[in-house]
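# Overview (structure and organization)
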Amino acid sequence: MKTVLSGIRPTGNLHLGNYFGALRNFVEMQHEYNCYFFIADYHSLTTHPTPDHLQDNVRSVLAQYLAAGLDPEKATLYIQSDVPEVIELYLYLNMNAYMGELERCTAFKDKVRQQPDNINAGLLTYPTLMAADILIHKADFVPVGKDQEQHLEMTRTFGNRFNRMYKHDYFPEPQAFNFGRELVKIPALNGAGKMGKSEGDDSTIFLTDTPKQIEKKVKRAVTDAGPTEPNSVMPEPIDNLFQLMNVVSKPETVEYFREKYNDCSIRYGDLKKQLAEDMITFVNPFRERIEEIIADEAYLRRVAEMGKEKAKASASKTIREVREIIGFKPL
Ligand code: TRP
């Protein structure tokens, strides 16, 4: 069975965009692949060196993934810092990672611009830590968005370089995993762009949102003065509301409002009321389940422990072999 791995940053809550993007696919993937999903808490130190709520964030992210359907019995769900073996591989990879290639990485250059007062070595070597995450389980596939493609390419470079330098055909080349289906784009409520781009604002619906919060956000969604000619092309903000309706409402509901739009009798207040109601129906079970799981500390601890054990077994085997290959042996 092929191995798939993905790292999840412990920042922010999951929103509808995450759900209809990677998350829903992860849930299906766990039945077909040997899956590793981990929470990248080491990585978070590159931007948040003294995190205020590291443990709470990790717990909350773990609970949200469980609520969304990741099954700890099927997939290996673990916390990166529970498997410090990864740091040892990170060190070995760093010895053969060159300043020039790390400095050229676009994510690094972005960070240099974003946090000029904290250009730390962890940021520079972010790609080697990510490569270590992937190579330590010899993953075949990594589901990556556009922004992570270069990191995956660097992972292949580091793995191949290791193989060449130590004359062992050891690490396989991880490939980008493309979900079989078209990813549904979830627009933001503020009339432009994707949901989740500006986190924490009113244009994003989180799986943790209460009915009141959803109502308020949908009510404030950007619209316009309404169509003046029959069958006119929808401007982006209106089209966005319909796209959102497409994922949470019944087809006949969408059709009803589409017709109203086309004959210019639509009232956006009615559309929003319906959209809010259907979003609440969609999000409520997630929110309730998240709350239940967060409250169950023993369960969360058991899940983390189970993942740690499985991930450690795989990671320590790799480290043992890598040490051997490099030449670290008992005297
Ligand atoms: N860099 C990834 C992100 O920002 C998170 C990540 C860390 C990751 N290690 C990984 C993703 C390994 C895939 C594989 O989203």
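It should be noted that the structure appears before, not after, this text.
Attention in this report is confined to the structure presented alongside it. (Residues numbered from 1 in each chain as written. Predicted model: local features only at pLDDT ≥ 70, side-chain atom pairs only at ≥ 80, totals over all residues. Heavy atoms only, no water.)

### Some remarks on the pattern of salt bridges
- Counted under the stated rule, the structure contains 15 salt bridges.
- When the shortest N-O distance is used, the salt bridge between D202 and R220 registers 2.4 Å. Within this pair, whereas D202 is found in the loop between β5 (175-176) and α10 (211-219), its partner R220 is found in the loop between α10 and α11 (236-248), the two being separated by 18 residues in sequence.
- Residue classification places D202 among the partly exposed residues on the basis of a relative accessible area of 34%.
- Here K217 ties to D209 by a salt bridge, and the two come within 2.7 Å at their closest N and O atoms. For the residue pair K217 and D209, the accessibility class agrees, reading buried in each case.
- Here the salt bridges do not stand alone but share partners, grouping K138, K317 and E321 into one network. (Salt bridge = Lys/Arg side-chain N within 4 Å of Asp/Glu carboxyl O. Helix = DSSP H or I, 4+ residues; strand = E, 2+ residues; numbered from the N terminus. Buried < 20%, exposed > 50% of the residue type's maximum accessible area, 1.4 Å probe, protein only.)

### Topic: unusual backbone geometry
- Phi at K138 takes a positive value of approximately 50 degrees, unusual for a residue other than glycine.
- Position of K138 relative to the elements: it lies in the loop between α8 (126-135) and β4 (141-142).
- Although it is not a glycine, N231 adopts a positive phi angle of roughly 55 degrees.
- Mapped onto the elements of the fold, N231 is located in the loop between α10 and α11.

### Here's the deal with the environment of S60
- Following the sequence through the fold, S60 ends up in helix α3 (residues 54-68).
- For the pair S60 and I290, spaced 230 residues apart in the sequence, the C-alpha separation amounts to 8.1 Å.
- Apart from residues lying up to four places away in sequence, S60 is in contact with N13 and I294. (Contact = heavy atoms within 4.5 Å.)

### Comments concerning the pairing of strand β2 (residues 34-39)
- Of all six residues in β2, five are buried, a share of seventy percent or more.
- Bridging between strand β1 (residues 3-8) and β2 involves six bridges; their strand directions are parallel. Its bridge partner lying in β2, T3 is registered against N34.
- With helix α1 (residues 16-29) bridging β1 and the parallel β2, this β-α-β connection has right-handed handedness.
- Sheet analysis places β2 next to strand β3 (residues 76-79), joined by four bridges and oriented parallel. The partner of Y36 across the bridge, within β3, is T76. (Pairing = 2+ DSSP bridges. Right-handed = clockwise from strand over helix to strand, strands pointing away.)

### Considering the side chain of D140
- Along the polypeptide, D140 turns up in the loop between α8 and β4.
- Non-local contacts of D140, meaning those with residues more than four positions away in its chain, are made with K2, T3, E173, P174 and Q175.

### Some remarks on the environment of M195
- In this fold, M195 is placed in the loop between β5 and α10.
- For M195, a relative accessible area of 4% gives the class buried.
- Along the chain, M195 and Y36 lie 159 residues apart, while their C-alpha atoms are 26 Å from each other.

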